[in-house]
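The primary structure of each chain is shown beneath.
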Amino acid sequence: MSWVDRFERRFGFLGIPGLIRIVVGFNALVFMLVRLNPGFRFVLDLDPALIRHGEIWRLVTYIFLPQTTSFLWIILLLWFLWFIGEGLEQVWGAFRLSLYFFVGMIGTTAAAFFFGARFSNSMLYASLFYAFARFYPDQVIYLFFILPVKIKWVAWVSVAFLMFGFVVNGNAYRMALVAAFANYLIFFGPEIIYEVRHRSEVSTRRRRFARSSRSEAEALHKCVVCGATELSDPNLDFRVARNGEEYCMAHLPRAESAIADERPSG
């Protein structure tokens, strides 16, 4: 990702340390405000028509809208967002995480403006989760505090639902989905393509090697009469007759057997 390295060298000072912690804090604040006044969420959501009429704060405030009105669920969701944010900042640093997050915001906004998608912040947070799963695939979480499961399996199930929606919905939804996940595709797309190509090349080399090499379980000699091989009887001797066929000594044609008998034995 040399382009990210170049960006970081020039604009690294723009990275926001603890960005996801800040997002979590504003989510908690907006949750309380929405609980007090449910209509408040409609002042903050991503509405392209109202943004065109000057309500430009919606370009930012939609990322703080809670996806639930339950106290229990908001605690779990915000804790998990904090958890993956800390993990990503640890492996990426503040600048790269900030860049990833803001590219995701731009993609989500583009999906709303150009394709009419109303993803709100759900796809943005999903892209953070997929990035976390990329770096920590074997991290174990406990679903409902009981069932241990690795992050990668949760991610694959989530991707399966997204792919189902991609297949059954129209082109507008598909383009919106691609736009919303632009950050993930930009950051990880080249790496994924390389891995797919590498695995294909490795698989091709393995098949080529398997075809060119003899299996250890494959017999080198086999009598055309009785089917005996050196694997079935290690003490057997085999001869190739003039007709090109291979025989064990017991079934060697007479003329060939006579020639074999005339050979000095030691």
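Residues numbered from 1 in each chain as written. Predicted model: local features only at pLDDT ≥ 70, side-chain atom pairs only at ≥ 80, totals over all residues. Heavy atoms only, no water.

### What to know about the overall build of the protein
- In terms of regular secondary structure, the protein is built from 12 helices and 4 strands.
- Scaling as 2.2 N^0.38, a compact globule of 266 residues should have a C-alpha radius of gyration of about 18 Å, whereas the protein reaches 33 Å, well beyond that.
- Judged by the C-alpha coordinates and their principal axes, the protein covers about 105 × 45 × 40 Å.
- Relative to its 266 residues, the protein shows a buried fraction of 35%.
- When the accessible surface of the protein is split by element, carbon and sulfur atoms take 64% of a total near 16900 Å². (Helix = DSSP H or I, 4+ residues; strand = E, 2+ residues; numbered from the N terminus. Rg over C-alpha atoms; globule rule 2.2 N^0.38 Å. Buried < 20%, exposed > 50% of the residue type's maximum accessible area, 1.4 Å probe, protein only. Areas by Shrake-Rupley, 256 points an atom, 1.4 Å probe, with all protein chains shown as cover.)

### Structural notes on helix H9 (residues 151-168)
- End to end, H9 covers 26 Å across 18 residues, agreeing with the expected 26 Å (1.5 Å per residue, within 8%).
- Considered for burial, the residues of H9 that qualify are Ile151, Ala155, Leu162 and Gly165. Seen along its axis, H9 keeps its buried residues to an arc of 80°; they face one direction. Facing away from the buried side of H9 by over 90 degrees, the exposed positions are Trp156, Phe161, Phe164, Val167 and Val168. (Expected span 1.5 Å × (residues − 1). Arc of directions from axis to C-beta.)

### Some remarks on the nonpolar core
- By size, the foremost hydrophobic cluster in this structure holds 56 residues, and its most contacted members are Phe101 and Leu128.
- At 10 residues, the largest contribution of residues to this core is made by helix H8 (residues 122-135).
- Apart from residues lying up to four places away in sequence, leucine 128 is in contact with Ile20, Leu81, Ile84, Leu88, Leu97, Tyr100 and Phe101. (Core = buried A, V, L, I, M, F, W, Y, C linked by side-chain atoms within 4.5 Å. Contact = heavy atoms within 4.5 Å.)

### Notes on the environment of phenylalanine 26
- Relative to the helices and strands, phenylalanine 26 is located in helix H2 (residues 19-36).
- Once the C-alpha coordinates of phenylalanine 26 and threonine 204 are considered, the two residues, 178 residues apart in sequence, prove to be 51 Å apart.

### Some points on the packing of helix H6 (residues 71-92) against helix H7 (residues 94-115)
- The interhelical angle for the contact between H6 and H7, taken along N-to-C directions, is 125°, at an axis separation of 7 Å. Looking at the two axes, H6 sits oblique to H7. In this structure, H6 contributes Gly85, Leu88, Glu89 and Trp92 to the contact, and H7 contributes Ala94, Arg96, Leu97 and Tyr100.
- For the contact of H6 with H7, the residue count by class is 5 nonpolar, 1 polar and 2 charged. (Axes fitted to C-alpha atoms, helices over the stretch in contact; angles between N-to-C directions. Parallel < 35°, antiparallel > 145°, perpendicular 65-115°, else oblique. Nonpolar A, V, L, I, M, F, W, Y, C, P; charged D, E, K, R; others polar.)

### Here we look at the pairing of strand E1 (residues 140-143)
- With 4 bridges connecting them, E1 and strand E2 (residues 147-150) associate as antiparallel partners. Paired with valine 140 across the two strands is lysine 150, which belongs to E2.
- Linking two consecutive strands that pair antiparallel, namely E1 and E2, is a turn of 3 residues; a positive phi of about 60° is found at phenylalanine 144 within it. (Pairing = 2+ DSSP bridges.)

### Observations concerning the confidence of the model for the protein
- When the pLDDT values of the protein are averaged, the result is 84; 91% of them are 70 or greater.
- The element-level mean pLDDT for the protein is lowest in helix H12 (residues 254-262), coming to 52, with H2 highest at 94. (pLDDT = per-residue confidence, 0-100.)

### Re the packing of H8 against H9
- At a minimum axis separation of 9 Å, H8 and H9 run at an interaxial angle of 140°. The angle between the axes of H8 and H9 places the two elements in the oblique class. Considering how the two elements wind past one another, H8 and H9 form a crossing that is left-handed. In this structure, H8 contributes Met123, Phe129, Tyr130, Phe132 and Ala133 to the contact, and H9 contributes Ile151, Val154, Ala155, Ser158, Val159 and Leu162. (Left-handed = near helix turned anticlockwise from the far one by under 90°.)

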